[in-house]
Amino acid sequence: MAFIPYGRQQINHDDIAAVVRVLESECLTQGPIVPQFEAAVAEICGPSVEAVAVNSATSALHLACLALGVGPGDTVWTSPITFVASANCALYCGASIDFVDIDIETGNMSISALEQKLATAKHHGLLPKVLIPVHYSGRACNMLRIHALAKEYGFKVIEDASHAIGAFYEDSALPVGSGCYSDITVFSFHPVKIITSGEGGMATSQNKQLIKRLRRLRTHGIAQCPEDDRIETEGPWQYQQIELGFNYRMTDIHAALGLSQTKKLHEFIARRRCIAESYNKTLAALNIACPLPSSYSAWHIYPIQVEKSERLSIFKKMRAADIGVQVHYYPVHLQPYYRRLGFTPGCFPEAEKYYAGVFSIPAYPALTAEDQGRVVSTLEDLVGRRPI
Ligand SMILES: *Cc1c(COP(=O)(O)O)cnc(C)c1O
C-alpha cells in the first residue's frame, strides 16, 4: 500500500507548460509573470485589493511588520497554535512577541481572551502595535470583532492567511484577503498549502501606501517609481535606495506555477470541502472530535482530537500504516527558543490542551475516495466507535 501524506500539491501538464514557457523566455525573474500572478491573487481577494509577491509567506510577514512600522520597543501578538513564522516576523524587526490564547472549538485566536488581554494591556500601557491573527486550518478568525477591537485600541492587523487563500469570512462571506478588516493579509504558496508556486508568498492590502512600501522593501529598499518619491536623479542609470530592504523577490519561474495554479483554486477548494464533509460524516461515529463543519473554510488541514493519553500511540500506528498524519501545531511559546525568551508551560492553557490531543489526517484535492476510506477504517480500528 502506498504512503498517503497529510497534504500534497497537485501539478498538471498545464502547470508544467507554464513554467517551461518562462524557462524558454528572456526573463527568468522580474519579467511579466510576477505582476500577472499578483493581479490574479488580487482578483481572488476582491475589488480595490493590490498584491505584492515575495519568495515566501515568511518574507511577506516580515515585510508586513516593517511596513506597519514594527521595531524595537513594540510588541506584536499572535496565536500560539501556528507555524513559528507567524511569531518570528516580529523578532526579525527587533520587537517583542506575545501570544493570545485560542478558542479550543476552532483552534483560532479566542476573541474573549483577546478582549481580556487588551483591557489588561491598556491598563498597564502595554498595548500591541500589531496583531497577527492566524486563519488556522483555513477557517477565518472572527475578523469583524478583531477589526472593531483594532479601532477601539488602536493597533494594526496582519492576517496570516497562509492556510486560507480561497476561504471566506464566516459573517460577511467576503473573500479572505479582501482587506476590509485588516491592514495586510499574507498568503503562502509552499507546496503543502492550497495552491503552490514551489516557494512563495503574497501580501495583499487596500492601502496604496502600504503596497508601495512592501514593493520597495522587497527589493533592497530601492525606490520603485522615483517620480512618485519626488527624487531627483542624476541620470537614467540611477536607482535610489531609500531605506534598508531585502531581496525577497519572487522569480517568474515560480510565478508561472503560481499563476497557473490560481486557475484551479476553486476546484481545489471544492475538493477539500468535499473531503472535509465526508470525514465529518464518517468520523462522527468514532471516538474522535472532528472540526466544526464550515462551507467557508479553505480546509488546508483536517485536524482531529483524540484522548490526550492515546495521541502518541494512535499517531505512531497511523504512521506505521503508511498514513502521513502530522501535528498542527506544537505551541510556538513552548519551542526551545521561545522558552529562552521566558515563556513556560501553562502560559496559554487552551493552546496546550488543544495541542495535547490534536493531529491532522490526510486532506488534499488528489486524495482518492479509496485512500480516504483507508484513513477512516484505520482510525476506526485504533480509536473504536462511540458507545451508543
Ligand atoms: C506555511 C506557513 C507560514 C510560512 O509560509 P512559507 O511560505 O513557508 O514561508 C506562515 N504561517 C503559517 C500559519 C503557515 O502555515
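Here's a quick rundown of the structure. No experiment lies behind these values; they were computed from the predicted model shown. (Residues numbered from 1 in each chain as written. Predicted model: local features only at pLDDT ≥ 70, side-chain atom pairs only at ≥ 80, totals over all residues. Heavy atoms only, no water.)

## Here we look at the environment of Phe268
At step 1: Structurally, Phe268 can be placed in helix 9 (residues 265-282).
At step 2: For Phe268, a relative accessible area of 2% gives the class buried.
At step 3: C-alpha separation for the pair Phe268 and Ser112, spaced 156 residues apart in sequence, amounts to 33 Å. (Helix = DSSP H or I, 4+ residues; strand = E, 2+ residues; numbered from the N terminus. Buried < 20%, exposed > 50% of the residue type's maximum accessible area, 1.4 Å probe, protein only.)

## Focus on the packing of helix 3 (residues 57-67) against helix 7 (residues 208-218)
At step 1: At their nearest, the axes of helix 3 and helix 7 sit 9 Å apart, and the two run at 125° to each other. What the angle tells us is that helix 3 and helix 7 run oblique. Here the hand of the crossing between helix 3 and helix 7 comes out right-handed. Judged by residue contacts, Leu63, Ala64, Leu66 and Ala67 of helix 3 engage Leu210, Arg213, Leu214, Leu217 and Arg218 from helix 7. (Axes fitted to C-alpha atoms, helices over the stretch in contact; angles between N-to-C directions. Parallel < 35°, antiparallel > 145°, perpendicular 65-115°, else oblique. Left-handed = near helix turned anticlockwise from the far one by under 90°. Contact = heavy atoms within 4.5 Å.)

## A word on the site of the ligand
At step 1: If you check the shell around the ligand, you find 15 residues, and the closest are Thr58, Asp160, His163, Ser188 and Lys193.
At step 2: At 2.7 Å from a nitrogen atom of the ligand is found a side-chain nitrogen or oxygen belonging to Asp160.
At step 3: Between the ligand and Tyr329 there is a distance of 3.3 Å, counted from an oxygen atom to a side-chain nitrogen or oxygen.
At step 4: Protein coverage of the free-state accessible area of the ligand, which is 380 Å², stands at 93%.
At step 5: Contributing elements (two or more residues each) for the shell around the ligand: helix 3 and helix 4 (85-92).
At step 6: Classifying every residue of the shell around the ligand gives 5 nonpolar, 8 polar and 2 charged. (Near = heavy atom within 4 Å. Polar contact = N/O pair within 3.5 Å; in protein donor to acceptor, adjacent residues only side chain to side chain. Areas by Shrake-Rupley, 256 points an atom, 1.4 Å probe, with all protein chains shown as cover. Nonpolar A, V, L, I, M, F, W, Y, C, P; charged D, E, K, R; others polar.)

## Focus on the sheet that holds strand 2 (residues 75-78)
At step 1: Strand order in this open sheet of 7 strands is 1-7-6-5-4-2-3, and the pairing throughout is mixed. The sheet is open, and its two borders are formed by strand 1 (50-54) and strand 3 (96-99), each paired with just one other strand. Ignoring strand direction, the axes of neighbouring strands in this sheet form an average angle of 20°.
At step 2: Packed on one face of the sheet, helix 4 meets strand 2, strand 3, strand 4 (130-132) and strand 5 (156-160) and runs near 150° to strand 3. (Pairing = 2+ DSSP bridges.)

## What to know about the pattern of salt bridges
At step 1: In the structure shown here, the tally under the stated rule is 12 salt bridges.
At step 2: Across the pair Arg215 and Glu38 runs a salt bridge, and its minimum N-O distance is 3.3 Å. Residue Arg215 is located in helix 7, and its partner Glu38 is located in helix 2 (residues 33-45); the two are separated by 177 residues in the primary sequence.
At step 3: Here Glu38 and Arg218 are joined by a salt bridge, their closest N and O atoms 2.9 Å apart. Pair noted here: Glu38 is in helix 2 and Arg218 is in helix 7, with a separation of 180 residues, a long-range link. The residues Glu38 and Arg218 share a single accessibility class, namely buried.
At step 4: One continuous salt-bridge network, built from bridges that share partners, spans Asp14, Asp15 and Lys264. (Salt bridge = Lys/Arg side-chain N within 4 Å of Asp/Glu carboxyl O.)

## Describing the packing of aromatic side chains
At step 1: Enumeration according to the criterion identifies 15 aromatic pairs in this entry.
At step 2: Measuring from ring centre to ring centre gives 6.4 Å for Phe168 and Tyr296, while their planes differ by 55°; the resulting arrangement is tilted. Of this pair, Phe168 sits in the loop between strand 5 and strand 6 (184-188) while Tyr296 sits in the loop between helix 9 and strand 8 (302-305), and the two are 128 residues apart along the sequence.
At step 3: Classification of Phe168 as partly exposed rests on a relative accessible area of 25%.
At step 4: A residue is classified by how much of its surface remains accessible, and Tyr296, at 28% relative accessible area, is partly exposed.
At step 5: An aromatic cluster is defined as three or more aromatic residues linked by ring pairs; in this entry it consists of Phe99, Tyr337, Tyr338, Phe343 and Phe348.
At step 6: Taking the ring centre of Trp77 as reference, the NZ or CZ of Lys117 above it sits at 5.3 Å.
At step 7: Above the plane of the ring of Tyr355 lies Arg311, whose end atom (NZ or CZ) is 4.6 Å from the centre. (Phe/Tyr/Trp six-rings, centres within 6.5 Å; stacked < 30°, edge-to-face > 60°. Lys NZ or Arg CZ within 6 Å of the ring centre and 35° of its normal.)

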